[in-house]
Amino acid sequence: FKALHLDGTANIDSLVADTADINAGSIDGVTIGTNSVVTDLRVDNLKLDGNTLSSTDSNGNVEISPNGTGDVNVNSDKLVLLAAASEDATVQIQGGEGGNAILKLISDDSDDNGDDWAIKNTASNNGLTIESDISGSSVAQITLTPHATVASSTVAIAGGLTVAGATAFSGA
C-alpha cells in the first residue's frame, strides 16, 4: 500500500512496518524489548517488572539523575535499604568538590524552629557538626574537629552537658 489513510477503526490481522508513530491512544498486547506482552519492559540495562526497577547487567548500578539541578524525590513514608546476605548496608552522601555532605532530619513539615536537624561533614575543615535550627537558623550544637593525631582532635558542645552514671576521663 502507498499512502493508506484510514478514518475510523480498521482491523488488520498482521502488519509489518519499518516505523510506527503513535501520537495517542493505546496499544494492547504490545511487546517492547521482549517476546511477551509488556509486563516486563527492558530498555538498555534496565528492567521494569511489576514494582521492581533493576539492572540487567551483573553487579550493575541503577542511577537516577535529574537534568541540571533538579532533585530526586521519593514520596513514601519509608525508605528501606536491603543489603545482600552477609553484606553491609551503606548510605553514602557525597558532596561535590569543595562542597559539604549533609544529612537533614526534618520533622513536623519544618514549620517551627527546632524542627530541623542536620549532621554535616564540613569540607573546609573536615569537621563534623550536629546542627539545629532552634534559633530560626542552623546553629552547631556539637562539633567534632579531627586531627591526624587522634589525641589532638576536639569535641565542642555548645550548651551544657548532662551525664548520667559513672564517668571516667583520661588524658591531660
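Above this text sits the structure in question.
Bear in mind the structure is a predicted one, so any value in this text is a computation, not a measurement.

### Some words on the overall build of the chain
At step 1: Counting secondary structure elements, the chain contains zero helices and eight strands.
At step 2: Secondary structure of the chain in N-to-C order comes out as β-β-β-β-β-β-β-β.
At step 3: Relative to its length of 172 residues, the chain is extended, with a C-alpha radius of gyration of 28 Å against a globular reference of 16 Å.
At step 4: Principal-axis analysis of the C-alpha atoms gives the chain an extent of 95 × 40 × 35 Å.

### Considering the pattern of salt bridges
At step 1: Inspection of every chain in the model, using the stated rule, returns two salt bridges.
At step 2: The partner of Asp 49 in a salt bridge is Lys 47, and the shortest N-O contact between them spans 4.0 Å.
At step 3: A relative accessible area of 35% means that Asp 49 is categorised as partly exposed.
At step 4: Two residues, Glu 131 and Lys 120, come together in a salt bridge whose shortest N-O distance is 3.4 Å. Pair noted here: Glu 131 is in strand β6 (residues 127-132) and Lys 120 is in strand β5 (residues 116-122), with a separation of 11 residues, a long-range link. By the burial criterion, Glu 131 is buried, and Lys 120 matches it.

### Some words on unusual backbone geometry
At step 1: The phi dihedral of Asp 108 falls on the positive side, at around 55 degrees, and the residue is not glycine.
At step 2: Topologically, Asp 108 is positioned in the loop between β4 (101-106) and β5.
At step 3: The backbone phi angle of Ser 110 is positive, close to 55 degrees, even though this residue is not glycine.
At step 4: By the element assignment, Ser 110 lies in the loop between β4 and β5.

### With respect to a negative patch on the surface
At step 1: Taken together, the side chains of Asp 108, Asp 109, Asp 111 and Asp 112 define an acidic patch exposed on the protein surface.
At step 2: Along the chain, Asp 109 turns up in the loop between β4 and β5.

### A few points about the sheet that holds β6
At step 1: The strand order across the open sheet built from five strands is β4-β5-β6-β7-β8, with neighbouring strands paired in antiparallel fashion. At either margin of the open sheet sits one strand with a lone partner, and together these are β4 and β8 (154-157). Sheet twist, expressed as the average angle between the axes of neighbouring strands with direction ignored, equals 15 degrees.
At step 2: Here β6 pairs with strand β7 (residues 139-145) via five bridges, running antiparallel. Looking across to β7, one finds that Thr 129 is bridged to Thr 143.

### What to know about the side chain of Thr 122
At step 1: Tracing the sequence through the fold places Thr 122 in strand β5.
At step 2: Residue Thr 122 is classed as buried on the basis of its relative accessible area, which comes to 16%.
At step 3: Every residue in contact with Thr 122, bar those within four places of it in the chain, is listed here: Asn 100, Gly 127 and Thr 129.

What counts and what doesn't
- Residues numbered from 1 in each chain as written.
- Predicted model: local features only at pLDDT ≥ 70, side-chain atom pairs only at ≥ 80, totals over all residues.
- Heavy atoms only, no water.
- Helix = DSSP H or I, 4+ residues; strand = E, 2+ residues; numbered from the N terminus.
- Rg over C-alpha atoms; globule rule 2.2 N^0.38 Å.
- Salt bridge = Lys/Arg side-chain N within 4 Å of Asp/Glu carboxyl O.
- Buried < 20%, exposed > 50% of the residue type's maximum accessible area, 1.4 Å probe, protein only.
- Patch = residues over 30% accessible without salt bridge, like charges linked within 9 Å, V, L, I, M, F, W, Y side chains within 5 Å.
- Areas by Shrake-Rupley, 256 points an atom, 1.4 Å probe, with all protein chains shown as cover.
- Lys, Arg positive; Asp, Glu negative; His and termini not counted.
- Charge placed at Lys NZ, Arg CZ, Asp CG, Glu CD.
- Pairing = 2+ DSSP bridges.
- Axes fitted to C-alpha atoms, helices over the stretch in contact; angles between N-to-C directions.
- Contact = heavy atoms within 4.5 Å.

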